[in-house]
Structures are given as C-alpha cells and as structure tokens.
Amino acid sequence: MSRRGRVTVGVLVGVFLLFTVLGWGIDAYTDYLWFDEVEQTGVYTGVLLTRLLLFAAIGLAMALILAANLYLAYRLRPLLRPHSAEQATLERYRMVVQPRLGTWIAVISVVIGFFAGLSAQGRWKEWTLFQNSQTFGVRDPQFNVDVGFYVFDYPLLRYVLGVAFTAVVLSVIGALAVHYIFGGVRLQGVGDRMTSAARAHLTTLVAIFVLLKAVAYILDRRALLLEQHVSPGLYGAGYTDVNALLPAKEILAYISIVVAIAIVVFSNAVMRNLVWPGVSLALLAISAVAIGGIYPLAVQNFQVKPSLADKEKPYIERSIAATRDAFALSATDVRPYAASTTVPPANLADNPSAQAVRLIDPQLVSQAYTQQQQVRGFYDFGPKLDVDRYTVTDKSQDYIIGVREINDQALTEQQQNWLNRHTVFTHGYGMVAAPANRIVCGGLPYFVSGFLGDDQQPGCASDSEQIKVEQPRIYFGEQSTEYAIVGQTDDAKKVEFDRPQSADKNAEERYTYQGEGGVPIGSFFRRLVFAIKNTESNFLLSDAVNDSSRLMYVRDPRSRVEKVAPFLTIDGDPYPAVVDGRIKWILDGYTTSATYPYAQRINLQEETQDELTNRGTFALARDNINYMRNAVKATVDAYDGTVTLYEFDDKDPILKAWNQAFGGKLITPKAETPKALQEHFRYPADMFKVQRNLLARFHVTDPATYFSGQDFWQVPNAPDNPDQAVKQPPYYLNVQLPGQAGTRFQLTSAVTPNGRDNLAALISGSYVDGEPKLEVLELPNQTAIQGPVQVHQRMTNNATVRSELTLLSNSNQSQVLYGNLISLPVGDGMLYVEPVYVKSGQQDAVPLLQRVLMSYGDGGTYVVLADNLEAGLKQLVAQGKNQPPPTTTTPGNTGTPPSGTPPALTGQLAQAAAALDKAIADVKAAQKSGDFAKYGQALQALDTAMTNFQNAQKSANTPASPPAGTSAPPSTPASAPPASAPAPTPSGG
C-alpha cells in the first residue's frame, strides 16, 4: 500500500474510533448525570465497575492463556525438520509469520480476549449475586444443599466452566496450527508424525479438557434438579435421574480423571505414542453412551414406565412442594364454598359487598375521561385507567383514577415545533377520579377530583374536590416520551403551558418549574454534550435554554425504576396515587430466578398475557423463571421524578443480596414505608396472574391426583369474546368475600375446570396487616354453577335481555360493549355483574354505561338488565320472590319429580348399566388401595363403560338414568358421572 493509502486508512480508522469513543463517552456522562439527579450514582458506578472488571478479567485471562499456548508451541518447535514437499510448502508461511510472531500472537489473543470480555461483562448480575450470596434456609431434597447455592453460585460456576472449556479448545486449535506450521506436527515424511515436545503439549491440553469434563459431570448432577425430568411435565430429578443418572455421572467423573491421567502418562512416559491415549478417549466416549445413556434409558423403559405413577410419586411431591414455595403459594388459604343458594336471597340488595361491586371498566371508560376532562385536545388519559381506593368522608371505596397527561402525538402541526414540544408543553395537570360504581348524566362517571375549572355540569361532578392534590402537575408520566427543558432565569417569564384559565377556556395559564427534578444544563459544556447526544443545535442556539434550565429525560415511571434497579422485573401496570398531597406513581418490583431446584419453570410473558396486555399495560419480557417474589414497592414522584425503592418482602434473600451489593442503602427498609403510602399498595396484577395460573394445577398437592390431572383448572377466556382465546383479566374489588373478617381491596379471578366452562373456584389476592394473602374459594366437584363464558352467553341469550340489547344496538347504529364480568360469592350463592356500554355511531363518540347485566345462582334462571346496580339487585330479589325455586336438573332428570318407581332397564341397556356400575366400583376400590397403576386402568375402563352406556341409551331412545344406587367415586375423571346424581354426562367441575 502506498504512503497516501496508509494515511487515508489511518485517518478513516481514527475518525471512526473518535466518533465511537465520543458516543460512548457522551452516553456514559449523560447516564451519570441522570443517576446523579435521582441520587443513585452508586448503582451506576457499581454496575459500570463490575462490567469493566469482568471484561478485563475474563478478556485478559482468555488472551493470556491463548498467547501462552501459542508462544509455547513456537518455543517447542523442532530446530531441524526433515525435508519434504510439505515442509517446503510451509516454508513460505513461516517466512511471513516468524519475523512478526509476537505481533501475530498479540493480535489474535487480543481479538479473542476482547470478544470473551464482551461476553463476560454481560454476566455482571451473576457475578454480583455470587459475591453477595445469601442463604435461603431451605435445602434441596436430594443433596441437602441450601437453595442459595443454586440461585447464587451455580449460574456463575457454570459460566466459568464454559469459559474454561472455550479457552482449552481454542488453545488446542491454536497450538496445533503453530506446531504444524513450524514442523512439530507433520502429515508427510519419514519418522514420527509428531515430536515429543508437541505431543506433550497437545496431550496435556487434552487431559485438561477431560478434567474439566469431570467437573462438568459433577455440576451436571446438580443441574438435574433444574431440568424437566419428572413425569408428567414437572421439573427436577425423577426416579430414573436419582437411581440411574446421578450415579452414572459420578462414575463418569471418576473415569474422566483416570482417562486424563492415562493420556498424560501413556503418551509421554510409558508408550510415548497416541495409541493408548486414543483408546482411553474412546473408552470414555463408550462409557458416556453406555453408563450415561443406555443404562438410564433401560431403567426408564423397564422399571419406571410400567408403574410410572408409583415410581414418580415422591418426585412429583418434591416438585409440587418446591413450586408452591418458589412462587409463594405455600400459605394459600383454600376454603370450600358450596354456592348452594340458587335463589336470590331477600337481603341481597342490602349486602355491602353486592353494593360495592365495581361497574366502571377502566379499559372502556378512558375515552369518557379524555372527552369530559381534557378541555384541550392534546390532553390524554391513556388507553386504560387504574383502580385504587380512597377514604372520603370516613367511607372507603374504590375509584377509577387517571392522570391528565399531554399526548405529544395529539399536538397540532403548529404545536409540533421543537420549542413547543420541549419547552412549552412540558407537563400534564391533575389526577381525575370517579367512584367505581356510580354513574350519572346518561352513563358518565361521577368525577370528584382533577378539575381544571369550577364550571362542572351540575350533578355530573362533585361540587368540590374530594381527593385533594397539593401539587397536581405531571412532569413524569406514562406518556412522557419526549425530553423536556424547564426553568427560567426570570421568574416573571413563564413559558410552560400549565392549564386553561377557568374563566376563559381559550386563555392559558403559564408556569415555571420550581422543583429539583431534571439535570441542570446551565453550563455551555453540558449544553454542548446534550446537543451532540440529541443531535439538536437548539441546545446551544435557543434562548429557551438558559442558566436556570433543567433537562428532564427518561421520564416514564417504569423506565426510571428499571434504570435505578436493573435487577428487578417491573410489573406491567404502574398506577398513580395521591400520597400526602402529591401524585406518586406506584410500581411493583419482582426478584426472579431460573435455578430454584425442583420448581416449575414458566415463561413470564406467556403467563402474564391476557385481554389487557399492551392496552394500557406493558408486556413483560420473555424470561424463563422458576422463582418469583414481589420484593419491592417503588414510587416515582410525578413532579420531581424522585425514585424510591421500598422493601416489601423482608425475607427475600435475592433482594438482600442486591441491597448488600449496592452498599445496603439502595432499598428503604420496610419499617420506614410511610403509612399513607401503604394504604395504596395493592396486590400486583402480574404476580397474581402467575400465581393464579400455577394454582390452576398446583392447588393439587396429592401426587396421585396430580398425576391423573383430573382436578386441574384453567383461566377462562374473555367472556364476551371467547373465540379470541385471550384470558379474562383479573379484577380489583373492594369487598368482603366469604370467610374474610372484613372488607378488603383485592384482586380476584374465576377459574374453571380444565376443558370445561363451569365454575371451579374463585382466587383472590389481598394484603392482611401488610402481608400478601392468597385465598381460594373452591366449589364442589361436578357443580352446576356456571363459569364466566357460560354466564355471559346465558344472560345475553335471555329473551327479554336479548330484545333490550337489540334495541340498544339498533339506535343510531350503536355498538354494545361489555365490561369485565365479575363473579362475586354473596349470600351462599354466586352473583354475576357485567356492565353494558353503548357507543353510538357518531364520530368521536365515547362508550356510555347504559345498563347493568346481572344474574344470580346458575347464571340463567334469574337474569336482569337494570339501569344501575341498586335497581338490579332489587329486581333480582323480586324475581326470587315471584318465581318458584328451580328444580335441580341433572342428566337423566327432566325436572319433574318422579311419580313412581322408574322402569327397569332391559336388554343391551341393562348390560351397559351393569358394566358402568361395576366400573365405578372398581375405580373406588383402586383409589382406596393406593395402587396408581390399577387406578389408571380402572379410570380407562370407566370411560369405556360410560361410552357404551351412552350408545346403548341412544339406541334404546331412553333418558339417561343409570341403575339406582350407582354413584361416582370421590374424585372422578372428566368423563365420569357426578357423584350426587349419577348419569352418563357430567354437568361441570
């Protein structure tokens, strides 16, 4: 290359490096300024130093190991090489490499070390937890080792072992290449193909690799407790693993050590060739296949499979216990709830819980908030509002709340210039709230706070602010996507749009930020830095940026908490609350792990997805985890952006480790959480979804019942659109459920039997004395109480209701929308409430709550479409008084009491009935004996007998009525008849 060419390349490389390093430097500096703003520079420096340390340590270690082996291979080269065509060909390469050998080795080692360091710096979380490991106080059931080893130590040990394997493999490849180039290894010519020095070097590296394999076998024994091995579909070591794989891996570890010694000894001291080392490696491979593969497979096929349930019973029990512990399910309070009352009780309308049912759907009412309380077109409340509770005039109730933020996308074209977007429209104003079950003015919420003026329509809003906010301005919110520049040198020069004047809506009030939020950018240097970072010259040229200016960036609450606590998984639904007169965003932070032994592994995104995901909420990352705790309650002040992390689970070892890693002051102790803030804590939605989905299976604690899978539940689909196959979201209620001492603000969800639509249980999550409490109201097996999808269909198909809904949808081409269907246990029965919204065909029309669809009992007998909740409850009571109680109808019973003895069964039907009776008796006997294999066979025989009976019944054209006295076993499969009224078709679960 010519001198000019070399200069050109040098300049281009220099420019590239300059801008790359400049970009990294600016990002690092602005990040530091942001952390300094929130007073958490310890997090920034701690993470940065840890990353740099790992980058340097692993990168340097990899580079030195590789360089040492390359240099050693060169030093062990033979001084004299036999003449051959091969060596003559290699001479040209030696002439290129040898004069600059040090440079070649340095370049190769540095490049590989650089990439190894890049990989290592991403492991800063594993290293930090390893350094600050804690004990769980729980030991795994196989090795009796504290769970802390798996959570804190195992991930890093596995990574370090992988790095060691990589270093050895690269060293073997590099050393072999150097030996070949300089004649230590030959493919042609007379004599040995490998010199003694090259053989000693390469065989030593291979021996080290085999020794590392021995260490890997030891770690693999622990890894069996983290993998999916236990049938059916559970995690942890099963029968085959414990009795075949564990001893096999221990034997293979010893064999690996022997093989490593044999490789070194036989190749260098005894036979001095590669025959016996090769034989040793072959024996190791054969042993791995035979001992680690064929033997466990034989045990699985010939010992385990013939009696799978019996062999796996203790390991199923381990998985159930570990999963319940890892996801905080162990203390779940399960209570039976008969739901035996099917007629609306006379006191239903006076029941406090029935009166407190939430009607307003946070998802559907957002447009009404935006239209009624925005005043200006750029205000927005987001696609979904939130639910919280407040005590007003000594009465606690739940409210639908939202904050009035500025939607940058809704600004007009004239307002979209840089000055307006970043210095004028900087903040929202006010938190708007409305009681959750009060409707006024043709279907609108009754607004009680967040007013921009005093000209509210009489009767449609409160006369005065009931939830008072001393600082209503929203500088940090969910829709704050742009950076904002605030602050003026002259207090009289107010440029920020604050709110419309109450007397004249066309006039505006202006404001100058008075808080401490944001990064000061008064100096020329900082303005220059942010001008480069944002590629915006106005930081240097505009008069709006002055000596008192502050720059607010990373303004949405979720991103701020994730930046301050990068080790937390943040719940997808932040919500605002008024605490001591200030608006604060409250967020739930989770600590998670993927290495809790025997616990079920789940995908966090899949388990938390439902109808509302990405509609006002955030989808969580696709992380696979098997441990989860709601360890932190975080707050972000909406005015100054202050981030505070409050300890919520004071027993979580992972949180303790992270707090210790950052000096012990990152997390505010639980005892120092303000009482006013605690009053607004609510059971987190994403944690509840995970626990609800796991309880659908892991409420079953008996291994035999779990193995059969007959008592599993499922989360129903959205009732108004079940074909979309999206789960019904849980709902917040401020009620008292059966068995509870008083009213609680709780998150509730209905579940149905697996594969069926009738109701199986109600799951609720709430706080009792500041501690999380999960409760399950379990309905009897084979209950006739309908589930959410069935109830919605039966209510909307009611003749009277259907006609009224048709009238609502036909007026002005309106669209009928349904809110979340709420299932509430009241009066020893079930009350169902579903708000009905109507959205007219007019442009920009908002959904209005026009009716309340309600039913009691089985969901279809007592149904009303009322104007409001109070009227609906009274109408249900009236229906219960005017209509006779419905006769319980079961398959084979038309509802008419028998007038005599039923006719005897004859022919093929009689034989089928006898076979069915015998099959049920066999199931009972097998269940009592505890023989799981026999129990499974009996269940299959029962299913066959049931099918035969149904076919015989159809052939005889006879109502389904098995012989008198036939009854189902205590826990019957989905195809078995109900215990209370035996029949060939089940009525529910």
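Thresholds applied
Residues numbered from 1 in each chain as written. Predicted model: local features only at pLDDT ≥ 70, side-chain atom pairs only at ≥ 80, totals over all residues. Heavy atoms only, no water. Helix = DSSP H or I, 4+ residues; strand = E, 2+ residues; numbered from the N terminus. Buried < 20%, exposed > 50% of the residue type's maximum accessible area, 1.4 Å probe, protein only. Contact = heavy atoms within 4.5 Å. Areas by Shrake-Rupley, 256 points an atom, 1.4 Å probe, with all protein chains shown as cover. Salt bridge = Lys/Arg side-chain N within 4 Å of Asp/Glu carboxyl O. Core = buried A, V, L, I, M, F, W, Y, C linked by side-chain atoms within 4.5 Å. Patch = residues over 30% accessible without salt bridge, like charges linked within 9 Å, V, L, I, M, F, W, Y side chains within 5 Å. Pairing = 2+ DSSP bridges. Axes fitted to C-alpha atoms, helices over the stretch in contact; angles between N-to-C directions. Lys, Arg positive; Asp, Glu negative; His and termini not counted. Phe/Tyr/Trp six-rings, centres within 6.5 Å; stacked < 30°, edge-to-face > 60°. Lys NZ or Arg CZ within 6 Å of the ring centre and 35° of its normal. Parallel < 35°, antiparallel > 145°, perpendicular 65-115°, else oblique. Left-handed = near helix turned anticlockwise from the far one by under 90°. Nonpolar A, V, L, I, M, F, W, Y, C, P; charged D, E, K, R; others polar.

## With respect to the overall build of the protein chain
Phase 1 of the analysis: The number of helices and strands found in the protein chain is 26 helices and 34 strands.
Phase 2 of the analysis: Across the 989 residues that make up the protein chain, the buried fraction comes to 53%.
Phase 3 of the analysis: In the protein chain, 68% of the contacts between residues at least 6 apart in sequence involve partners at least 24 apart.
Phase 4 of the analysis: Looking at the protein chain as shown, the accessible area adds up to about 43,800 Å², and 55% of this sits on carbon and sulfur atoms.

## Some words on the pattern of salt bridges
Phase 1 of the analysis: Considering all chains together, one arrives at 34 salt bridges under this definition.
Phase 2 of the analysis: Note that Arg527 is salt-bridged to Asp547, the shortest N-O span being 3.8 Å. Here Asp547 lies in the loop between α15 (538–541) and β17 (550–552) and Arg527 lies in helix α14 (residues 524–533), a separation of 20 residues in the sequence.
Phase 3 of the analysis: Judged by its relative accessible area of 62%, Asp547 is exposed.
Phase 4 of the analysis: By sharing partners, the salt bridges in this structure join Asp333, Arg335, Arg744 and Glu775 into a single network.

## Structural notes on the nonpolar core
Nonpolar side chains tend to gather and get buried jointly when the protein is soluble and globular.
Phase 1 of the analysis: Ranked by internal contacts, the top residues of the largest apolar core, which has 211 residues, are Phe327, Tyr369, Tyr390, Ile467, Leu645 and Met854.
Phase 2 of the analysis: The biggest single contributor to this core is helix α6 (residues 147–181), with 12 residues.
Phase 3 of the analysis: Grouped together as the second largest cluster of nonpolar side chains are 16 residues, Ala73, Ala198, Leu202 and Leu205 included.

## Some words on a nonpolar patch on the surface
Phase 1 of the analysis: On the surface, Val7, Val11, Val15, Leu18, Phe19, Leu22, Phe524, Leu528, Ile532, Leu540 and Leu541 cluster together into a nonpolar patch covering about 1,000 Å² of accessible area.
Phase 2 of the analysis: Every element with two or more residues in the nonpolar patch is listed here: α1 (3–37), α14 and α15.
Phase 3 of the analysis: By residue number, the principal contributor to the nonpolar patch is α1, which donates six residues.
Phase 4 of the analysis: For Phe524, the location among the structural elements is in helix α14.

## Considerations on unusual backbone geometry
Glycine aside, residues mostly have negative phi, and peptide bonds are mostly found in the trans state.
Phase 1 of the analysis: A cis amide bond links Ser231 to the next residue, Pro232, at an omega of 5 degrees.
Phase 2 of the analysis: If you trace the backbone, Pro232 turns up in the loop between β1 (228–230) and β2 (234–235).
Phase 3 of the analysis: Positive phi, close to 50 degrees, is recorded for Cys441, a residue that is not glycine.
Phase 4 of the analysis: Judged by relative accessible area, Cys441 falls into the partly exposed class, the value being 35%.

## A closer look at the sheet that holds strand β5 (residues 386–392)
Phase 1 of the analysis: With antiparallel pairing, three strands are arranged side by side in an open sheet as β5-β6-β9. The open sheet has two edge strands with one neighbour each: β5 and β9 (431–435). Each strand axis lies, on average, 45 degrees off the axis of its neighbour in the sheet, ignoring direction.
Phase 2 of the analysis: In the sheet, strand β6 (residues 395–403) pairs with β9 via five bridges, with the strands oriented antiparallel. Paired with Tyr399 across the bridge in β9 is Pro435.

## A word on the side chain of Asp241
Phase 1 of the analysis: For Asp241, the location among the structural elements is in helix α8 (residues 239–270).
Phase 2 of the analysis: For the buried residue Asp241, which engages in no salt bridge, the nearest side chain bearing the opposite charge is Lys249, 8.4 Å off.
Phase 3 of the analysis: In this view, Asp241 contacts Leu224, His229, Gly236, Leu246 and Pro247; residues no more than four positions away in its chain are not counted.

## Here's the deal with the packing of aromatic side chains
The geometry of two aromatic rings is summed up by the distance between their centres and the angle between their planes.
Phase 1 of the analysis: Tallied over the entire structure, the rule returns 40 aromatic pairs.
Phase 2 of the analysis: Between the aromatic rings of Phe114 and Phe115, the centroid separation amounts to 5.6 Å while the plane-to-plane angle is 80 degrees, which identifies the pairing as edge-to-face.
Phase 3 of the analysis: For Phe115, a relative accessible area of 54% gives the class exposed.
Phase 4 of the analysis: A centroid spacing of 5.0 Å and a plane angle of 85 degrees characterise the contact between Tyr369 and Phe447, whose relative ring orientation is edge-to-face. Highlighted residues: Tyr369 in helix α12 (residues 366–373) and Phe447 in the loop between β11 (444–445) and β12 (473–474), separated in sequence by 78 residues.
Phase 5 of the analysis: Note on Phe447: relative accessible area 3%, which makes it buried.
Phase 6 of the analysis: Grouped by ring-pair contacts, the aromatic residues Trp418, Tyr483, Phe530, Phe539 and Tyr553 constitute a single cluster.
Phase 7 of the analysis: The ring of Tyr217 has Lys213 sitting right over it, with the charged end atom 5.1 Å from the ring centre.
Phase 8 of the analysis: Note that Lys563 overlies the ring of Trp34, its terminal NZ or CZ placed 5.7 Å from the centroid.

## Here's the deal with the sheet that holds strand β13 (residues 484–486)
Phase 1 of the analysis: Within the open sheet, the three strands sit side by side as β13-β17-β16. Their pairing is antiparallel. Edge strands, defined here as strands with exactly one partner in the open sheet, are β13 and β16 (519–520).
Phase 2 of the analysis: Sheet topology places β13 next to β17; three bridges connect them, and they run antiparallel. Its bridge partner lying in β17, Ala484 is registered against Met552.

## Things to note about the packing of helix α10 (residues 308–326) against helix α20 (residues 685–698)
Phase 1 of the analysis: Between α10 and α20, whose axes approach to 11 Å, the crossing angle comes to 160 degrees. In this view, α10 runs roughly antiparallel relative to α20, as classed from their interaxial angle. Both α10 and α20 take part in a crossing whose hand is left-handed. Across the interface between the two elements, Ser319, Ile320, Thr323 and Arg324 from α10 touch Leu694, Leu695 and Phe698 from α20.
Phase 2 of the analysis: Among the residues forming the contact of α10 with α20, the class breakdown is four nonpolar, two polar and one charged.

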